[in-house]
Amino acid sequence: MSLPDVSGPYALGPDDGEAIWFNGALGILRATAAQTDGRFAAFELRLPKGFGAPLHSHERDSEFFIVLSGQFRLRYDDNIVEAGPGSLVYTPPRVGHQFTADSDDARILLMFGPAGTEEFFREAATPARSLTLPPPSEPVPTRDELVEMMKRHGSTPLGPPLPPKE
């Protein structure tokens, strides 16, 4: 299902939204600027173990990380948090942050305010053909391409992802 063409109240089921394959993960855009009058965006990621976002910051976006299932390590500034289902981490603009999925069946909801960051994910992804992780043959942008896309969408790369948990 695609996102509703509304700017007002709506409801989605557990698998509803705009499904995209992003860098080896399944992403589902659940709210974008179009649905929220630009106030915020919500993006669910269903991740393989070891998937990690590089250390980065957003120039204008605040971000909430809400763990839906699995185990994660989330970093903000110099703090590293071990996070399980129900955990929440908040980062305001210009604060370095990152996360890594430390378990199978890892799901996280990212919420950005104001909206706009969802356009980075759309640019870097391809439409998902199923609600599964993408096949290994699915093309992904190179690291340099991702860095350029991040910069175009107001993010500043600050370092590599967290290493795998031992």
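This structure is a prediction, so every number in the text was calculated from the model and none was measured. (Residues numbered from 1 in each chain as written. Predicted model: local features only at pLDDT ≥ 70, side-chain atom pairs only at ≥ 80, totals over all residues. Heavy atoms only, no water.)

**Section: the overall build of the protein chain**
Phase 1 of the analysis: Secondary structure assignment for the protein chain yields 3 helices and 12 strands.
Phase 2 of the analysis: Considering only C-alpha atoms, the protein chain reaches an extent of 45 × 35 × 35 Å along its principal axes.
Phase 3 of the analysis: Across the 166 residues that make up the protein chain, the buried fraction comes to 45%.
Phase 4 of the analysis: At a minimum sequence separation of 6, the contacts of the protein chain that also span at least 24 residues come to 71%. (Helix = DSSP H or I, 4+ residues; strand = E, 2+ residues; numbered from the N terminus. Buried < 20%, exposed > 50% of the residue type's maximum accessible area, 1.4 Å probe, protein only. Contact = heavy atoms within 4.5 Å.)

**Re helix H3 (residues 143-152)**
Phase 1 of the analysis: Among all positions in H3, only Leu146, Val147, Met149 and Met150 are buried. Looking down the long axis of H3, one finds its buried residues gathered within 165° of arc, a one-sided arrangement. Away from its buried face by more than 90 degrees, H3 exposes Asp144 and Arg152.
Phase 2 of the analysis: Gly154, located one to two residues past H3, shows a positive phi value of around 85°. (Arc of directions from axis to C-beta.)

**Observations regarding the layout of surface pockets**
If you roll a probe as big as a water molecule over the atoms, it shows you where there is empty space left.
Phase 1 of the analysis: Taken as a whole, the largest pocket holds about 480 Å³ of empty space.
Phase 2 of the analysis: Lining the largest pocket are 26 residues, with Phe22, Gly52, Ala53, Pro54 and Met150 sitting closest to its centre.
Phase 3 of the analysis: Among the secondary structure elements, those contributing two or more residues to the lining of the largest pocket are strand S4 (55-58), strand S10 (106-113), helix H2 (118-124), H3 and strand S12 (155-159).
Phase 4 of the analysis: At 4 residues, H3 tops the list of elements feeding residues into the lining of the largest pocket.
Phase 5 of the analysis: Class assignment for the residues of the lining of the largest pocket results in 16 nonpolar, 8 polar and 2 charged. (1 Å grid on protein atoms, 1.4 Å probe; cavity = no way out; pocket = protein on both sides within 12 Å on 5 of 7 lines; lining within 4 Å. Points joined across faces, edges and corners; volume = space filled by probe spheres on them. Nonpolar A, V, L, I, M, F, W, Y, C, P; charged D, E, K, R; others polar.)

**Some thoughts on the packing of aromatic side chains**
Phase 1 of the analysis: For the structure shown, the criterion picks out 10 aromatic pairs.
Phase 2 of the analysis: Measuring from ring centre to ring centre gives 5.0 Å for Phe64 and Tyr90, while their planes differ by 40°; the resulting arrangement is tilted. In this pair, Phe64 sits in strand S5 (residues 62-69) while Tyr90 sits in strand S8 (residues 88-91), placing the two residues 26 residues apart along the sequence.
Phase 3 of the analysis: Residue class for Phe64 comes out partly exposed when judged on its relative accessible area of 35%.
Phase 4 of the analysis: Connected via pairs of aromatic rings, a cluster forms that spans Phe22, Phe43, Phe51, Phe65, Phe72, Phe99, Phe112, Phe120 and Phe121. (Phe/Tyr/Trp six-rings, centres within 6.5 Å; stacked < 30°, edge-to-face > 60°.)

**Re the environment of Arg75**
Phase 1 of the analysis: Tracing the backbone shows Arg75 in strand S6 (residues 72-76).
Phase 2 of the analysis: Linking Arg75 and Phe65, residues 10 residues apart in sequence, is a C-alpha distance of 11 Å.
Phase 3 of the analysis: Here Arg75 is in contact with Leu55, Ile80, Gly96, His97, Gln98 and Leu162, once residues within four sequence places are set aside.
Phase 4 of the analysis: Reaching out from Arg75, the side chain makes a polar contact with the backbone oxygen of Asp77 at a distance of 2.9 Å. (Polar contact = N/O pair within 3.5 Å; in protein donor to acceptor, adjacent residues only side chain to side chain.)

**Things to note about a nonpolar patch on the surface**
Phase 1 of the analysis: On the surface, Phe64, Leu88 and Tyr90 cluster together to form a nonpolar patch covering roughly 280 Å² of accessible area.
Phase 2 of the analysis: Judged by relative accessible area, Tyr90 falls into the partly exposed class, the value being 39%. (Patch = residues over 30% accessible without salt bridge, like charges linked within 9 Å, V, L, I, M, F, W, Y side chains within 5 Å. Areas by Shrake-Rupley, 256 points an atom, 1.4 Å probe, with all protein chains shown as cover. Salt bridge = Lys/Arg side-chain N within 4 Å of Asp/Glu carboxyl O.)

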